[in-house]
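Residues per chain are reported as follows:
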Amino acid sequence: MKQTRVFNVIFHSFLLFALVAVVACAKTDAEPEQPAVDDGRGTVVNVEELTRLTIDDVRKYTRDSVKADFLHYGVVCYRLTYNSVYEDEPVATTALVLLPDDEAASRRLCVYLHGTNIPIDAASAQQHMPSNFFKTRQTSGEVAVCAIPLASNGFSVVMPDYIGYGDTKDKEHPFVYYPELHFANIDGLRALTRQLQLNGRQDVWIGGYSQGGGAALSLHYYIQTDYNSEFNVVSSSCLSGPYNYVGQIEGVLRGNVTIPSPLISWSAYVLNRFAVHRNPDQIFSFTVTDQTSAIMNFNGGIWDMFRPYFVQGILSGEDTEWIAASEKNSFHKGWKPTGKVYLHHGTADSVVPYFNSTDAYNGLTAEGGDVTLFSYEGREHTNVTIPYINNTLDVWNK
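A few points on the structure. (Residues numbered from 1 in each chain as written. Predicted model: local features only at pLDDT ≥ 70, side-chain atom pairs only at ≥ 80, totals over all residues. Heavy atoms only, no water.)

**Brief notes about the nonpolar core**
Thought 1: Membership of the largest hydrophobic core comes to 83 residues, with the highest contact counts inside it found for Ile-223, Phe-284 and Phe-306.
Thought 2: For this core, the element with the most residues is helix 8 (residues 261–276), which contributes 9 residues.
Thought 3: Filtering out sequence-adjacent residues up to four positions away, Ile-223 remains in contact with Ile-186, Leu-189, Val-204, Ile-206, Asn-228, Phe-231 and Val-233.
Thought 4: If you look at the next biggest cluster of nonpolar residues, it comprises 36 residues, including Cys-110, Cys-146, Ala-147 and Leu-239. (Core = buried A, V, L, I, M, F, W, Y, C linked by side-chain atoms within 4.5 Å. Buried < 20%, exposed > 50% of the residue type's maximum accessible area, 1.4 Å probe, protein only. Helix = DSSP H or I, 4+ residues; strand = E, 2+ residues; numbered from the N terminus. Contact = heavy atoms within 4.5 Å.)

**Digging into the pattern of salt bridges**
Thought 1: A full pass over the atoms with the stated rule returns 13 salt bridges.
Thought 2: Close ionic contact of Arg-79 with Asp-167 constitutes a salt bridge, the shortest N to O distance being 3.7 Å. Taken as a pair, Arg-79 in strand 2 (residues 75–86) and Asp-167 in the loop between strand 5 (155–160) and helix 5 (178–195) lie far apart in primary sequence, 88 residues in all.
Thought 3: Between Arg-190 and Glu-230 there is a salt bridge; the shortest N-O distance is 2.7 Å. Note that Arg-190 is positioned in helix 5 and Glu-230 in the loop between helix 6 (211–226) and strand 7 (231–239), a separation of 40 residues in sequence. Take Arg-190 and Glu-230: they sit in the same class, and that class is buried.
Thought 4: Through salt bridges that share partners, Arg-41, Asp-187, Arg-190 and Glu-230 make up one connected network. (Salt bridge = Lys/Arg side-chain N within 4 Å of Asp/Glu carboxyl O.)

**Regarding the packing of aromatic side chains**
Thought 1: Tallied over the full model, the rule gives 19 aromatic pairs.
Thought 2: Here Tyr-61 and Phe-134 contribute two aromatic rings whose centre-to-centre distance is 6.0 Å and whose plane-to-plane angle is 85 degrees, an arrangement assigned as edge-to-face. Residue Tyr-61 is located in helix 2 (residues 55–62), and its partner Phe-134 is located in the loop between helix 3 (122–127) and helix 4 (142–153); the two are separated by 73 residues in the primary sequence. Like Phe-134, Tyr-61 is buried.
Thought 3: A ring pair is formed by Phe-310 and Trp-322, whose centres lie 4.9 Å apart and whose planes are at 90 degrees; its orientation type is edge-to-face. Here the residue Phe-310 occupies a position in helix 10 (residues 308–316), and Trp-322 occupies one in helix 11 (residues 320–328), the gap between them amounting to 12 residues.
Thought 4: A relative accessible area of 1% places Trp-322 in the buried class.
Thought 5: Taken together, the ring pairs in this structure connect Phe-284, Phe-286, Phe-298, Phe-306, Phe-310 and Trp-322 into an aromatic cluster.
Thought 6: A cation sits over an aromatic face here: Arg-108 above Trp-205, 5.2 Å from the ring centre. (Phe/Tyr/Trp six-rings, centres within 6.5 Å; stacked < 30°, edge-to-face > 60°. Lys NZ or Arg CZ within 6 Å of the ring centre and 35° of its normal.)

Structure, rendered in structure tokens:
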């Protein structure tokens, strides 16, 4: 395993603090211990230091859009390679790790999940991966506006690239099919805890935007159901995510919902690719052989995209297989979150409709969840990250 000497110094200096914090936060002697990952998932393969940001650098990246009261520390940035799984097969993938540069920081664990990066132009797609942010000299985007401020506030942040990008660019990206997408995200969080040499059940905060907003709420669910012995979700703060996937696709087919057609065709391709496994000719009216053709080959209206019998099967309820897969990919109801959920959405969003957040608010509140909805009146899908991160830091620091 390759590690920089500086990285080791920081993490070893943090070890004593982390162990004290874990002991202080233990609830009972019967608290479940974090188990060893026998299949290798979450183990660290490589760590590369990318850069160090002073507090002045942090302010330049945020461009004074984040309240100064939330920014306390410089940030040390790393590219982390770790083991995960993709379609039940082992895979090594990557993430950006951002740590406050002061061991006095609280260093609460945070996984932040980024928005959609359409994998058409391979070079551009790789450039915009979180772990390549500093290598390609980017100065804006979610790393700058959301992840760096979280680390400067005191969080230890891991930001997975997702499968399908970076070292895994030969694989098809699961996009918004969260039963597959979440594996790399939970394993990135596991890798962070292992690199920080933390033992025992850890508190975690989860954030994300757009595709990542859906990934954040679904990861909250999966941690509760599948990884509860390792992590406790204190809070998730989810921005503009497609939480009600089944309602979204049905709304599009009924003509009640308008979403950019490449996102509709790509999401349908991914649901079929990872869950239903039909010949694409049974679904699409145009030639689809892979994710790129699903995104690029269509030219027409939504009603021309799918085979009429496919549409009829969903709207009539007869296509129970497809509907079941869509429901499995929807997280707006049917479970009670432990920890607080903060939903954020622009009311004029034309990419991920606002009803996703109102449905999630109503559905999770009905289950007894502690849910708050921040509605950004008149805002679209692309001008919400700044109020989101300020409100997130505000509620997470109370």
